[in-house]
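Coordinate inspection notes
Below, each chain spelled out in residue letters.
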2 protein chains.
Amino acid sequence: MKFIGVDLGGTNIKGGIVDGDEVLVKDEIKTGKEQGAEKVIDNIAEIIKRMLFQSGLRLSDIAAIGAGLPGMIDSLRGMVLYSNNLRWVKVDFVKSLQVRLGGPVPIFISNDANVAALGEAAFGAARAFPDSLLITLGTGVGGGVIIGGKIFEGNMGAGAELGHMVIKAGGCRCTCGRKGCFEAYSSATALIKQTKKAMLRDRNSQLWTICGGNVDNVSGKTAFDCYYSDETAKKVVDKYIGYLAEGLSNLANIFRPQAIILGGGISKQGQLLIDLLKEPFESGLFGTVLGPRVELKIAELKNDAGFLGACALARQRLGQ
Amino acid sequence: MKFIGVDLGGTNIKGGIVDGDEVLVKDEIKTGKEQGAEKVIDNIAEIIKRMLFQSGLRLSDIAAIGAGLPGMIDSLRGMVLYSNNLRWVKVDFVKSLQVRLGGPVPIFISNDANVAALGEAAFGAARAFPDSLLITLGTGVGGGVIIGGKIFEGNMGAGAELGHMVIKAGGCRCTCGRKGCFEAYSSATALIKQTKKAMLRDRNSQLWTICGGNVDNVSGKTAFDCYYSDETAKKVVDKYIGYLAEGLSNLANIFRPQAIILGGGISKQGQLLIDLLKEPFESGLFGTVLGPRVELKIAELKNDAGFLGACALARQRLGQ
């Protein structure tokens, strides 16, 4: 059976057609979010038609379409309730896309972080595990929860906001308004801020050299790059890892999944990230020795997690 | 159909026989935990036989037995992996009880906090809601998670350790070894400690009067009792409420249930507790205005939550 998956991002729409484990075609198109919801949905219809053409298929060959959308999603009614990223409020997504496609193909949607987690669970790093979390360490901290192979959404799709768990009451202000959120300490944004702060305190740090003397060149990679060669960089990373481990141990105690998968920009550190996290993460697990292990792994699907997860969502909701 | 529910506590074993929504009989017996696992299971068999006798039923009239047990429970294999409270390690509970009862009745077990949450969901304060959490504020902070009317246990029953989520990194030491756990701030134990500390700083506080000049008389009730009449007491309670709200908002953002039910000693404050929590709790919800509501409610079943939940567990696992 063939499924189409769509991953709607703030800049690009990615899509693919999958048959079993095989990707028949994948494609990408600009989101054009500044032109509003109607135009964005036009673009989604466009990429779907283009992929059908490229693969020589017709819409009637497709069992179902899945889509991962940024924001608060009412998956039962097929609506985007609210998307800060796209500036959408109550968009009747499924109906609008169905009208554009002109065919009776079923369309299923969920939040993009949930869908990426399902992608890793169905095709990627969490393949071996019925229960897993995907934590993306990027501009923010995103979270997706898979229980028994299925997305856990919470009431009206508003759950799994794992980045907005306070880990340090009264701490750094988060974009959500609270103080001390996991996201405010463990996003790439937070690491960049901490790196810059440390550089301003230590004018002799090697960090200045590798960013060409300009703090504007600091990325989520900068401090990791100097981890073994610069004391200031090491301190920044160690502190970052401490908070990240705190949040991950919390989530392990709450969900006790078989695996936690790390995605987003920071996860490009790969094995170094896992090695640094292992000890503080495991020491935070409740009933450490007697409880079941929780594996920490790096995400495998990178930019394809979204559309692959969307295909898996379509397959699952169709009961296949 | 008739079900037997058993709630194994550190001091007492409570049990009941339920037919639909009707409690036919309930009973209680000492746990005798100092005599070891075999004797405790003898006592469970004893209370089951006693209840059958009292209700004029035979074991063959019972569709299934459920039990809530303290500790890390492998519900699939019917084993207690570890119980700190009972000092049990790897006890083959279901098999041992089955041998004692001598009949082929199915027995299902889960962690006591999970089972109490199911009790409130099936018979109590969360009846109207498919998704709910029960948070018990007692000696520790216990948690049970109900998703779609069913207990969420995590891998090998080791999940839902909601009290062991760090809300203040580097904060107060918790019994589990971590620093800053929800439990270390929101248990009755934590409130008692904070009350005593505040009293030692303010020798003129009314708190001294109502506990007869003796800090050993301080309970989880003391500070609440003087909330409206003593500035020091108010400060203690307000601080306690702040941390409690922080943890509850975290759990709401993670699970987005329709309701969070509060149980345990502190929940005896009833409407005062709810009134104090409402504002700080709701301001911590992600996407406050646009997201679905999360009701805060006081548990209804008190000491019966355990055996009623155990009956609901038996009924559910039997697929009824």
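Per chain, residue numbering runs from 1 following the sequence as it is written. Each chain is given a letter, starting from A, and each ligand a number, starting from 1, according to the order in which they appear as written. Only residues with pLDDT of at least 70 are given local features in this predicted model, and only at 80 or more are side-chain atom pairs given and counted; all residues enter the totals for whole chains, interfaces and linings. Working from all heavy atoms in the structure, the side-chain values ignore hydrogens and water.

Thoughts on the relation of the copies chain B and chain A
Note the cut-off: A residue counts toward the fit only if its pLDDT is at least 70 in both copies, and the copies are then superposed by least squares on the C-alpha atoms of those residues.
Least-squares fitting of chain B to chain A yields an RMSD of 0.0 Å, with the transformation described by 0.0 Å of translation along the axis and a rotation of 180°. Accordingly, the operation relating the two chain copies is best matched by a two-fold axis.

As for the sheet that holds strand S11 (residues 150-151) of chain B
What holds strands together in a sheet is hydrogen bonding between their backbones, with the strands either parallel or antiparallel. All names here are of chain B. Put simply, the rule reads: One bridge is not enough; two strands pair if DSSP finds at least two bridges between them. A run of DSSP states H or I qualifies as a helix once it reaches four residues; a run of E qualifies as a strand once it reaches two. Both are numbered from the N-terminal end.
One open sheet holds the five strands; their spatial order is S11-S10-S9-S12-S13, and the pairing between them is mixed. Either end of the sheet is taken by a strand with one partner, and the two such strands are S11 and strand S13 (295-298). Here six bridges tie strand S9 (residues 132-137) to strand S10 (residues 141-147), and the two strands are oriented antiparallel to one another. Its bridge partner being in S10, Ser-132 is matched across the sheet by Ile-146.

Some remarks on the packing of helix H8 (residues 231-255) of chain A against helix H8 (residues 231-255) of chain B
Quick note on the threshold: Structural elements are reduced to axes, namely lines fitted to C-alpha atoms, with helices fitted over the stretch in contact, and the angle between N-to-C directions of any two is expressed from 0 to 180 degrees. The scheme is simple: roughly parallel for angles under 35 degrees, roughly antiparallel for over 145, roughly perpendicular for 65 to 115, oblique for anything else. Crossing handedness is defined as follows: a turn of the near helix away from the far one that is anticlockwise and smaller than a right angle gives a left-handed crossing, while the clockwise case is right-handed. Residues count as neighbours in contact if any of their non-hydrogen atoms are within 4.5 Å of one another. As a working rule, the residues Ala, Val, Leu, Ile, Met, Phe, Trp, Tyr, Cys and Pro are called nonpolar, Asp, Glu, Lys and Arg charged, and the rest polar, with Gly in that last group.
The geometry of H8(A) relative to H8(B) is characterised by a closest axis approach of 13 Å and an angle of 70° between their N-to-C directions. Between H8(A) and H8(B), the angle is such that the two are roughly perpendicular. In this structure, H8(A) crosses over H8(B), and the sense of that crossing is right-handed. For the pair H8(A) and H8(B), the contacting residues are A:Leu251, A:Ile254 and A:Phe255 in the first and B:Leu251, B:Ile254 and B:Phe255 in the second. For the contact of H8(A) with H8(B), the residue count by class is six nonpolar, no polar and no charged.

Some thoughts on the sheet that holds strand S11 (residues 150-151) of chain A
Residue and element names in this part refer to chain A. Strand order in the open sheet formed by five strands is S11-S10-S9-S12-S13, with mixed pairing between adjacent strands. Looking at which strands have only one partner, the edges of the open sheet turn out to be S11 and strand S13 (295-298). Relative to S13, strand S12 (residues 259-263) runs parallel, the two sharing four bridges. The partner of Ile-260 across the bridge, within S13, is Leu-296. Set on the sheet, helix H3 (residues 112-123) makes contact with strand S9 (132-137), strand S10 (141-147), S11 and S12; between it and S10 the angle comes to about 55°.

Concerning the packing of aromatic side chains
Applied cut-off: Side-chain rings of Phe, Tyr and Trp, where Trp is taken by its six-membered ring, are said to pair if the distance between their centres is within 6.5 Å; with planes under 30 degrees apart they count as stacked, over 60 as edge-to-face, and otherwise as tilted. Accessible area is worked out with a 1.4 Å probe on protein chains only. A residue is then buried under 20% of its type maximum, exposed over 50%, and partly exposed in between.
Counted by the stated rule, this structure contains nine aromatic pairs over all chains. Here A:Phe255 and B:Phe255 contribute two aromatic rings whose centre-to-centre distance is 5.1 Å and whose plane-to-plane angle is 45°, an arrangement assigned as tilted. Pair noted here: A:Phe255 is in helix H8 and B:Phe255 is in helix H8, and the two residues belong to different chains. Judged by its relative accessible area of 3%, B:Phe255 falls in the buried class. Arranged with centres 5.1 Å apart and planes meeting at 85°, the rings of B:Tyr227 and B:Tyr228 form a pair that is edge-to-face. Residue B:Tyr227 is classed as buried on the basis of its relative accessible area, which comes to 7%.

As for the confidence of the model for chain A
Heads up, the condition is: pLDDT measures how confident the predictor is about each residue, on a scale from 0 to 100.
Summarising the model, chain A shows a mean pLDDT of 95, and 99% of its residues fall at 70 or more. At the level of chain-chain contacts, confidence expressed as ipTM amounts to 0.93, with global pTM at 0.94.

Describing the side chain of B:Ser249
Among the secondary structure elements, B:Ser249 is positioned in helix H8. Look past the residues within four positions of B:Ser249 in its chain and what remains in contact with it is A:Arg178, B:Pro280, B:Phe281, B:Gly284 and B:Leu285.

What to know about the domain arrangement of chain A
Residues and elements named next belong to chain A. To keep things clear, this is the line we draw: Throughout, the edges of the domains are those of an automatic or database domain assignment. Joining two parts hides part of their accessible area as seen by a 1.4 Å probe, and the buried area is that hidden amount summed over both. For this document, the term salt bridge refers to a Lys or Arg side-chain nitrogen within 4 Å of an Asp or Glu carboxyl oxygen. Polar contact is the term for a pair of N or O atoms within 3.5 Å; when the atoms are in protein, one must be able to donate a hydrogen and the other to accept it, and sequence-neighboring residues count only if both atoms are side-chain atoms.
Parsing chain A into structural domains produces domain 1 (2-120 + 304-317) and domain 2 (129-300). The C-alpha-based centres of domain 1 and domain 2 are spaced at 28 Å. Facing the 18 residues of domain 1 at the interface are 17 residues of domain 2. Buried surface at the junction of domain 1 and domain 2, summed over both partners, amounts to about 1,300 Å²; 58% is from carbon and sulfur atoms. Among the residues domain 1 hides against domain 2, the three largest losses belong to Asn-114, Ala-117 and Glu-120. Together they make up 39% of the total. Our enumeration of links across domain 1 and domain 2 arrives at zero salt bridges. Seen at the junction of domain 1 and domain 2, the total is four residue pairs in polar contact (both at pLDDT 80 or more).

A look at the interface of chain B and chain A
Counting residues at the interface gives 38 residues for chain B and 38 residues for chain A. Its largest share of buried area at the contact with chain A, chain B owes to B:Arg178, B:Ile254 and B:Phe286, together 19% of the area lost on that side. At the junction of chain B with chain A, the criterion picks out two salt bridges. Put simply, B:Glu246 and A:Arg178 hold a salt bridge, and the shortest N to O gap is 2.9 Å. For the interface between chain B and chain A, the tally reads 20 residue pairs in polar contact (both at pLDDT 80 or more). The leading source of residues in the side of chain B that touches chain A is H8(B), at eight residues. Taken together, the residues of the side of chain B that touches chain A break down into 20 nonpolar, eleven polar and seven charged.

Observations regarding the side chain of A:Gln269
All names here are of chain A. When you line up the elements, Gln-269 lands in the loop between S12 and helix H9 (271-283). Assessed through its relative accessible area of 17%, Gln-269 is described here as buried. Once residues within four sequence positions are removed from consideration, Gln-269 is found in contact with Lys-221 and Phe-224.

Description of the state of the cysteines
Throughout this description, disulfide means a covalent bond between two cysteine sulfur atoms. Residues and elements named next belong to chain A. Quick reminder of the rule: Two cysteine sulfur atoms make up a disulfide if the distance between them is within 2.5 Å.
Enumeration according to the criterion identifies zero disulfides over all chains in this entry. Cysteine Cys-176 remains unbridged, with the sulfur of Cys-181 as its closest cysteine sulfur at 3.7 Å. Since its relative accessible area comes to 31%, Cys-176 is described here as partly exposed. As a non-bridged cysteine, Cys-226 has Cys-211 as the owner of its nearest cysteine sulfur, 8.4 Å distant.

Re the pairing of strand S1 (residues 2-8) of chain B
Moving residue by residue along a regular strand, the side chains alternate between the two faces of the sheet. Residue and element names in this part refer to chain B. Of all seven residues that make up S1, six are buried, and the element is covered over most of its length. Direction of pairing for S1 relative to strand S2 (residues 12-19): antiparallel, over a ladder of seven bridges. Counted as the bridge partner of Lys-2 is Asp-19 from S2. Note that S1 and strand S4 (residues 62-69) share six bridges and pair parallel. From the neighbouring strand, Lys-2 faces S4, where its bridge partner is Ile-62.

Digging into helix H2 (residues 93-101) of chain B
Residue and element names in this part refer to chain B. Applied cut-off: When we speak of the arc, we mean the arc of directions from the helix axis to the C-beta atoms.
Of all the residues in H2, the buried ones are Phe-93, Val-94, Ser-96, Leu-97 and Leu-101. Along the long axis of H2, the arc covered by the buried residues comes to 165°, so they all point the same way. The outward face of H2, more than 90 degrees from its buried face, is lined by the exposed residues Lys-95 and Val-99. Among the structural elements, helix H1 (37-55), S4, strand S6 (79-83), strand S7 (88-91) and strand S8 (107-111) are those in contact with the buried residues of H2. Immediately downstream of H2, the backbone of Gly-102 shows phi near 70°, a positive value.

Topic: the environment of A:Asn303
All names here are of chain A. Of note, Asn-303 is situated in the loop between S13 and helix H10 (305-317). Since its relative accessible area comes to 55%, Asn-303 is described here as exposed. Along the sequence, Asn-303 and Asp-7 sit 296 residues apart, while their C-alpha atoms lie 9.4 Å from each other. Contacts of Asn-303, omitting those with residues within four sequence positions, involve Asp-7 and Lys-14.

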